[in-house]
Structures are given as C-alpha cells and as structure tokens.
Amino acid sequence: MEWTGARYADQPTVEVRTRIDAPPRRVWDLVSDIRLMPDLSAELQSVEWLDGVTAPRVGARFTGRSRHESLGEWETTSYVVECEPCRVFSWAVGDPGHPSALWRFGLEEADGGTELTQWMRMGPGRSGLSFAIDRMPEKEQKIVFVRLREFERSMKDTVAAIGKLAEGVEGADA
C-alpha cells in the first residue's frame, strides 16, 4: 500500500483480490458464513447472528467481537446491506446510514473459477480509530495509513485462506 495522506473524513478504502480455482457457489458458501470469519482473522474474535437469523439477507444483523493490541477490545453490530448469492456480500458496521466501516466481498466467475475481492471503506461514522485521532490529531494521516495497511495485510490473509478452503487445499486452517 502506498502512502496517500488520507484522513478519516476522506473515507479511504482498501481492496485485495485473488483468483480461486473453485466455482462461485463454493466461494460464496465461505464468504457468506460469518461464523467462519473469526477463524480467518487475528482481530475478529467471535461473530453471531441476531434476531434468530441463521443466514445472510439484506437487513440481517450480527454482532462481532474484536481485539487489537493497540485499540483494545470492542463489540459492534453490523447490518447486511447487500446480499446477492454468488455475487456480493456486504455489511455496514454500526448505523447502516452512517457506518463506521463498510465491508464487501465481491465474486465474479472467471474461467471456471472465481475472482474474489475483499474491499473496505473507513467511515464516515466514528470508530475506535476516531478516539486515537482525537488524542493525536497531528498524527491523523499516519494513524489512518497504518490502520489501512493492517486491514490490507489481514484481508490478503483472509482471501488466501478462503481460496485454500474453497480449493480443498490441505492445511487450509487459519
């Protein structure tokens, strides 16, 4: 990731992409399984559907619990904002109209396999990162850049692990 000088209010984004030798249906089953995600993340500790929901659909809510060495522990409620099987699964963290982050998996059929992207956007709503920026406003651009880089590394690991699982590769556990 290259330095952009972005501030939180700029709503910076990061995206990673990988090619998976498995059909979109198999990849979809993995990316839309929110209970799998903590196994693929060092930061996300647990996830559970709310309101009796057991599968993704637009409007469904889930709670996620996370932990970060510098940011501590926190819990968020996310709302599914896009859910098109085998195409897109997206959720807003916090208020769906003014989320602290927006996350998306995109799937595209490609030569018998799947092109998988994971994308995220910071803001516009406040997040735990906002509190760090409040304490050190002169370092906002560096704080944002470091966090985006962390997201990018984690997202690369996530899509790689999803690829291994979808392809049935041995040792695919994260």
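Residues numbered from 1 in each chain as written. Predicted model: local features only at pLDDT ≥ 70, side-chain atom pairs only at ≥ 80, totals over all residues. Heavy atoms only, no water.

Visitor: Give a detailed account of the overall build of the chain, specifying residues and quantitative values.
Guide: Helix and strand counts for the chain come out as three helices and seven strands. Its helices and strands taken in sequence order, the chain reads β-α-β-β-β-β-β-β-α-α from the N to the C terminus. Since a compact globule built from 174 residues should have a radius of gyration of about 16 Å, the 16 Å found for the chain is in line with a globular shape. For the chain, with 174 residues in total, the buried portion stands at 47%. Within the chain, contacts between residues at least 6 apart in sequence are counted, and of these 51% link residues at least 24 apart. Total accessible area computed for the chain in this model is approximately 9,300 Å², and 46% of it derives from carbon and sulfur atoms. (Helix = DSSP H or I, 4+ residues; strand = E, 2+ residues; numbered from the N terminus. Rg over C-alpha atoms; globule rule 2.2 N^0.38 Å. Buried < 20%, exposed > 50% of the residue type's maximum accessible area, 1.4 Å probe, protein only. Contact = heavy atoms within 4.5 Å. Areas by Shrake-Rupley, 256 points an atom, 1.4 Å probe, with all protein chains shown as cover.)

Visitor: Requested: an account of the pairing of strand β4 (residues 72–84), with residues and values cited.
Guide: Remark: a regular strand shows side chains that alternate across the two faces of the sheet. In terms of strand pairing, strand β3 (residues 61–68) meets β4 through eight bridges, oriented antiparallel. Bridging across to β4, Arg-61 finds its partner in Tyr-79. Linking β3 to β4, which pair antiparallel, is a turn of three residues. The turn joining β4 and strand β5 (residues 88–93), which pair antiparallel and follow one another in sequence, is formed by three residues; a positive phi near 65 degrees is taken by Cys-86. (Pairing = 2+ DSSP bridges.)

Visitor: Go over the environment of Ala-9, please, and point to the residues and values.
Guide: Position of Ala-9 among the secondary structure elements: in the segment before β1 (13–20). For Ala-9, a relative accessible area of 68% translates into the label exposed. A C-alpha to C-alpha distance of 10 Å links Ala-9 and Val-144, two positions 135 residues apart in sequence.

Visitor: I'd like a rundown of the packing of aromatic side chains, residues and numbers included.
Guide: A ring pair, where both rings are aromatic, is described by two values, the distance of the centres and the angle of the planes. Going through the model one piece at a time under the given rule, you end up with eight aromatic pairs. On the numbers, 6.2 Å between centres and 65 degrees between planes, the contact of Phe-62 with Trp-91 is edge-to-face. Of this pair, Phe-62 sits in strand β3 while Trp-91 sits in strand β5, and the two are 29 residues apart along the sequence. Considering the side-chain rings of Trp-91 and Trp-103, the 6.4 Å spacing of their centres and the 10 degrees angle between planes classify their relative orientation as stacked. Separated by twelve residues along the polypeptide, Trp-91 in strand β5 and Trp-103 in strand β6 (residues 101–110) bring together distant segments of the chain. As far as the burial class goes, Trp-91 and Trp-103 line up, both buried. The rings of Trp-28, Trp-49, Phe-62, Phe-89, Trp-91, Trp-103, Phe-105 and Phe-151 are connected pair by pair, giving a single aromatic cluster. The ring of Trp-119 is capped by Arg-104, whose NZ or CZ atom sits 4.5 Å from the centre of that ring. Cation over ring: Arg-126 sits above Phe-131, and NZ or CZ is 5.1 Å from the ring centre. (Phe/Tyr/Trp six-rings, centres within 6.5 Å; stacked < 30°, edge-to-face > 60°. Lys NZ or Arg CZ within 6 Å of the ring centre and 35° of its normal.)

Nothing here speaks to function; it is geometry throughout.
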